[in-house]
Amino acid sequence: MATETAGSGNGVSDDVLVSVQKLTKHFPVRGGILLRTIGHVHAADEVSFDIKRGETFGLVGESGCGKTTVGRTILRVYPPTSGDIYFGGEDVSKLDRKVLARNMQIIFQDPYGSLDPRITVGGIIGEGLEVHGIGSPDERNEQIREIMDIVGISSHYAQRYPHEFSGGQRQRIGIARALVLRPQFLVCDEPVSALDVSIQSQILNLLRDLQGEFGLTYLFIAHNLAVVRYVCDRVAVMYLGKIVEQADTPELFGNAIHPYTRALMDAIPVPDPSEQRERLIIPGELPSPTNPPQGCRFNTRCAVVQDVCFNEEPPLRDFGDGHLVACHVAEDFDRRGTALPQLSSEMHDAITDSVRSSTTD
Amino acid sequence: MSNSNGAPEPRMELPERVEKGDLLLSVRNLRTHFRVRDGIVRAVDGVSYAIERGKTLGLVGESGCGKSVSALSVMRLIRPPGDIVEGEVMWQDRDLRTLSDREMRSVRGDEISMIFQEPMTALNPVFTTGNQIGEVLREHRDFTRKQRYERTIEVLRLVGIPQPEQRIKAYPHELSGGMRQRVMIAMALACEPQLLLADEPTTALDVTIQAQILELIREIRARTGMALLLITHDLGVIAEMADDVAVMYTGEVVEYADVGSLFAAPKHPYTRGLMTSIPSLMTDRAERLSTIRGSVPHMMRLPLGCLFQSRCPDAMNICRDNRPQLQRLEDGRTVRCHLYPQRPSGHDGEPLPQARATAGSAAS
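Residues numbered from 1 in each chain as written. Chains lettered and ligands numbered in written order. Predicted model: local features only at pLDDT ≥ 70, side-chain atom pairs only at ≥ 80, totals over all residues. Heavy atoms only, no water.

Caption draft 1: Structural detail: the overall build of chain A. Across its full length, chain A holds 11 helices and 12 strands. For chain A, the residues scored as buried account for 53% of the 361 residues in total. Nonlocal contacts in chain A, meaning residues at least 24 apart in sequence, comprise 64% of its contacts between residues at least 6 apart. Surface summary for chain A: the accessible area is close to 15900 Å², and the carbon and sulfur share equals 48%. (Helix = DSSP H or I, 4+ residues; strand = E, 2+ residues; numbered from the N terminus. Buried < 20%, exposed > 50% of the residue type's maximum accessible area, 1.4 Å probe, protein only. Contact = heavy atoms within 4.5 Å. Areas by Shrake-Rupley, 256 points an atom, 1.4 Å probe, with all protein chains shown as cover.)

Caption draft 2: Expanded view of the nonpolar core. In terms of nonpolar packing, the biggest core is built from 74 residues, with Ile125, Ile175, Phe220 and Tyr260 of chain A touching the most fellow members. In terms of residue count, helix 6 (residues 197-214) of chain A provides more of this core than any other element does, six residues in total. Sequence-distant contacts of Phe220 of chain A, that is, excluding residues within four places in its chain, are made with Thr56, Phe57, Gly58, Leu59, Cys188, Pro191, Leu204, Leu207, Val227, Val228, Val231 and Cys232 of chain A. In this structure, Leu14, Val27, Val47 and Met248 of chain B belong to the second largest nonpolar core, which totals 39 residues. (Core = buried A, V, L, I, M, F, W, Y, C linked by side-chain atoms within 4.5 Å.)

Caption draft 3: Main features of the sheet that holds strand 2 (residues 39-52) of chain B. Residue and element names in this part refer to chain B. Across the sheet, four strands lie side by side as 2-1-4-5; this open sheet has antiparallel pairing. Across the chains shown, the open sheet's two edge strands, defined by having one partner strand only, are strand 2 and strand 5 (94-95). Note that strand 1 (residues 23-36) and strand 4 (residues 82-91) share eight bridges and pair antiparallel. Paired with Leu25 across the strands is Trp91, a residue of strand 4. Each of strand 1, strand 2 and strand 4 is contacted by helix 2 (residues 67-74), which is oriented at about 110° to strand 1, the strand it contacts most. (Pairing = 2+ DSSP bridges. Axes fitted to C-alpha atoms, helices over the stretch in contact; angles between N-to-C directions.)

Caption draft 4: Just the packing of aromatic side chains, in detail. Counting across every chain of the model gives 10 aromatic pairs over all chains. Look at Tyr239 of chain A and Tyr260 of chain A: their rings are 4.5 Å apart centre to centre, the planes differ by 55°, and that puts the pair in the tilted class. Taken together, the positions of Tyr239 of chain A in strand 9 (residues 234-239) and Tyr260 of chain A in helix 9 (residues 259-267) put the pair 21 residues apart, joining distant regions of the chain. Considered together, Tyr239 of chain A and Tyr260 of chain A belong to a single accessibility category, that of buried residues. Look at Tyr249 of chain B and Tyr270 of chain B: their rings are 4.5 Å apart centre to centre, the planes differ by 55°, and that puts the pair in the tilted class. Of this pair, Tyr249 of chain B sits in strand 9 (residues 244-249) while Tyr270 of chain B sits in helix 11 (residues 269-277), and the two are 21 residues apart along the sequence. The burial state of Tyr249 of chain B is the same as that of Tyr270 of chain B; both residues are buried. An aromatic cluster is built from Tyr239, Tyr260 and Phe298 of chain A, whose rings are joined through pairwise contacts. (Phe/Tyr/Trp six-rings, centres within 6.5 Å; stacked < 30°, edge-to-face > 60°.)

Caption draft 5: Quick peek at the interface of chain B and chain A. The interface is formed by 46 residues belonging to chain B together with 42 residues belonging to chain A. Between chain B and chain A, the buried area comes to about 3600 Å², and carbon and sulfur atoms account for 55% of it. The tally of links from chain B across to chain A stands at one salt bridge. In this structure, the salt-bridge partner of Arg288 of chain B is Asp209 of chain A, at a minimum N-O distance of 2.5 Å. Put simply, chain B and chain A have 24 residue pairs in polar contact (both at pLDDT 80 or more) between them. When contributions to the side of chain B that touches chain A are tallied by element, the ones reaching two or more residues are helix 7 (177-189), helix 8 (207-224), helix 9 (235-241), helix 10 (259-264) and helix 11 of chain B. Among the elements that line the side of chain B that touches chain A, the one with the most residues is helix 8 of chain B, at eight residues. In terms of residue class, the side of chain B that touches chain A is built from 17 nonpolar, 17 polar and 12 charged. (Buried area = accessible area lost by both parts, 1.4 Å probe. Salt bridge = Lys/Arg side-chain N within 4 Å of Asp/Glu carboxyl O. Polar contact = N/O pair within 3.5 Å; in protein donor to acceptor, adjacent residues only side chain to side chain. Nonpolar A, V, L, I, M, F, W, Y, C, P; charged D, E, K, R; others polar.)

Caption draft 6: Region of the structure containing the pattern of salt bridges. Residue and element names in this part refer to chain B. Enumeration over the complete set of coordinates arrives at 37 salt bridges over all chains. Note that Glu200 is salt-bridged to Lys67, the shortest N-O span being 3.8 Å. Here Glu200, found in the loop between strand 7 (195-199) and helix 8, pairs with Lys67, found in helix 2; they are 133 residues apart in sequence, far enough to count as distant. Comparing Glu200 with Lys67, the two get one shared label, buried.

Caption draft 7: Representation of helix 5 (residues 145-158) of chain B within the structure. All names here are of chain B. The first and last C-alpha atoms of helix 5 sit 20 Å apart over 14 residues, in line with the 20 Å expected at 1.5 Å per residue. Residues of helix 5 that are buried include every one of Arg148, Arg151, Thr152, Ile153, Val155 and Leu156, and no others. Next to the buried residues of helix 5 lie helix 4 (129-140), helix 6 (164-167) and helix 7. Backbone geometry just downstream of helix 5 places Gly160 in the positive-phi region, at approximately 80°. (Expected span 1.5 Å × (residues − 1).)

Caption draft 8: Main features of the pairing of strand 7 of chain B. All names here are of chain B. Along strand 7, five of the five residues are buried, which leaves the element largely enclosed by surrounding structure. Going residue by residue along strand 7, you find Leu195, Leu197 and Asp199 tucked away on one face and Leu196 and Ala198 tucked away on the opposite face as well. Across four bridges, strand 6 (residues 112-115) lies against strand 7 in parallel orientation. Among the inter-strand pairings, Ile112 is bridged to a residue of strand 7, identified as Leu195. Bridge count for strand 7 against strand 8 (residues 227-232) is five bridges, and the pairing is parallel. Bridge pairing in strand 8 places Leu195 opposite Ala227. In this view, the connection linking strand 7 to its parallel neighbour strand 8 by way of helix 8 has right-handed handedness. (Right-handed = clockwise from strand over helix to strand, strands pointing away.)

Caption draft 9: Looking closely at the state of the cysteines. Across all of its chains, the model carries zero disulfides over all chains by this definition. In this structure Cys302 of chain A is a free cysteine whose sulfur lies 6.1 Å from that of Cys327 of chain A, the closest cysteine sulfur available. There is no disulfide at Cys65 of chain B, and the cysteine sulfur nearest it, in Cys306 of chain B, is 15 Å away. (Disulfide = S-S within 2.5 Å.)

Caption draft 10: A look at the side chain of Gln246 of chain A. All names here are of chain A. Relative to the helices and strands, Gln246 is located in strand 10 (residues 242-248). Classification of Gln246 as buried rests on a relative accessible area of 6%. Other than its neighbours up to four places away in sequence, Gln246 contacts Ser48, Phe49, Phe57, Arg234, Val235, Ala236, Gly322, His323 and Leu324.

Caption draft 11: A look at the sheet that holds strand 1 (residues 16-31) of chain A. Residues and elements named next belong to chain A. Strand order in the open sheet made by the four strands is 2-1-4-5, with antiparallel pairing throughout. The open sheet has two edge strands with one neighbour each: strand 2 (36-52) and strand 5 (90-91). Contacts from helix 1 (residues 67-74) reach strand 1, strand 2 and strand 4 (82-87) within the one sheet, and its direction differs from that of strand 1 by about 115°.

As structure tokens, this is what we get:
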């Protein structure tokens, strides 16, 4: 297939299903008696990426990094503060909500909170069909039964209520609900992190099977790097509202460059007691997203921080084959296996103090 | 259906090495049941484990397997409708179950402390951190006000809280999740306990903060020689922290071994399933994940025989009606499974190769 630009002339090529361009989302923080806006949470700042048809694109990061906000803004749950989102080459903000809903759906983290307890499972799954006026009641029931069988819930249970099901089964119901309209694109927001470990792999396999069967495209949002590595074709790592690194999965996990990505990977406990490793533990915590640090947002915790990191925000630069990194000193670490120096807690305190004094100037 | 007619043979519930160790805490045949409207939930049903001085025991299992209830039972923090119906909780040379409430209070928070997944369950929102740590010291130590203050600052510093002189005045809601976890640990460590019960201490935290807290616990353990009971569902955390591991399923210990042997060669089909089904950074991305089919049975509708039978890839005919006993294997570890020869007194315990072929019949 030739790489032809889509009709609307926005530079989105044909093999891209979802294109996110300089997406920014700020949430107002209100305070005082009059609840005036006293600041903004910078949930996502100029986030850009393309998701190709049929692939699984991963967004990883810790809580508060903005990954969920990005997913929900793509679905127009919130309007973006600025930036554009294209779906199949069309500007999402100009598309009808119903058209959007038929093409993009979401599955949530919490299989307990995301299903209405007063509606039968068949009702929950079929609600979308009803809203969109698809088929006669009989045809709808047929479609509900079909999708239930596909996700592995016996269709005999269509008249039961959510509380009668286990966590794993509820997540299957959530998946059936999302798929009944046969969307092309699914946002999976932490789909397995609330499930028991023995159930997680069942759901991950199911998502993989469904992708093969229906040619689905996934945006997979998660904090568990091992899960992301298994599921995703390409991965973007977010920190405090910014993408700091993005690459194909094998490249990212084999040759992570950004100090934050490397720390994140080091932090995962390895289920092998014979492996005693030197790990890089990054000190400190996520700074407040209402007042992100000047320059590089990771500068308060970074082991290799330089003067420039406090003044200039590093742009995402391509290190070859689409491996993007936003780090001023990345060149020094673009070597497989180069150990990063450990930042001592004294050094960390010194940095934090200097940041504090520089921001109060 | 347990055949309790056997004479009190040498105890086989614990791995050989643990049994011979210098035991600080030894839990034997603990049963904690909850009487609910529809019947009895046997949350902990005949659990035995022990912790040697200065060692770490990992307790692994999924939600509802009884791992937290067993720790709460040790602390005697079970409230109605729950009740410890049987068993022995030996703390050095005393059975904690026989202590008066007053005696128990003097053990709790002093000799044994506990930390939880959600720090807000342990912290009182209307008192400052300094107040709450001071309270522990007031309960257990004859300190002057000044000594209490100094010790509070000292433990806050120990757990890595910056500017403890400021934070001592902070209320829990003014602290981040990681800082609250540190304050709770500080509270637990104020009296230098000999044993810390840590119930999913890092599950609610981000990985970089989890790494910090685990490192902190490791440091304190090395410095004070404190023993640790670490409850978690994360096998990675277990591999990095534990000396011994007890794997629990539906209220029972199904496998108990030192961490090296367990990870090198898991014996119980459930342990094997847990280890192979979780994606790790080494998992082959092209392969399907292996799974444990089905889900944990309802605690009030447990099967007659092996509790894992409906999910077990190796289930045999014998598993349907006979609850397997914990067996000690040749290398000293213990496992509860009919795949391994049962106690010599039984004659029908041999795993039959042809029985394995009909494994499918035992399911559903």
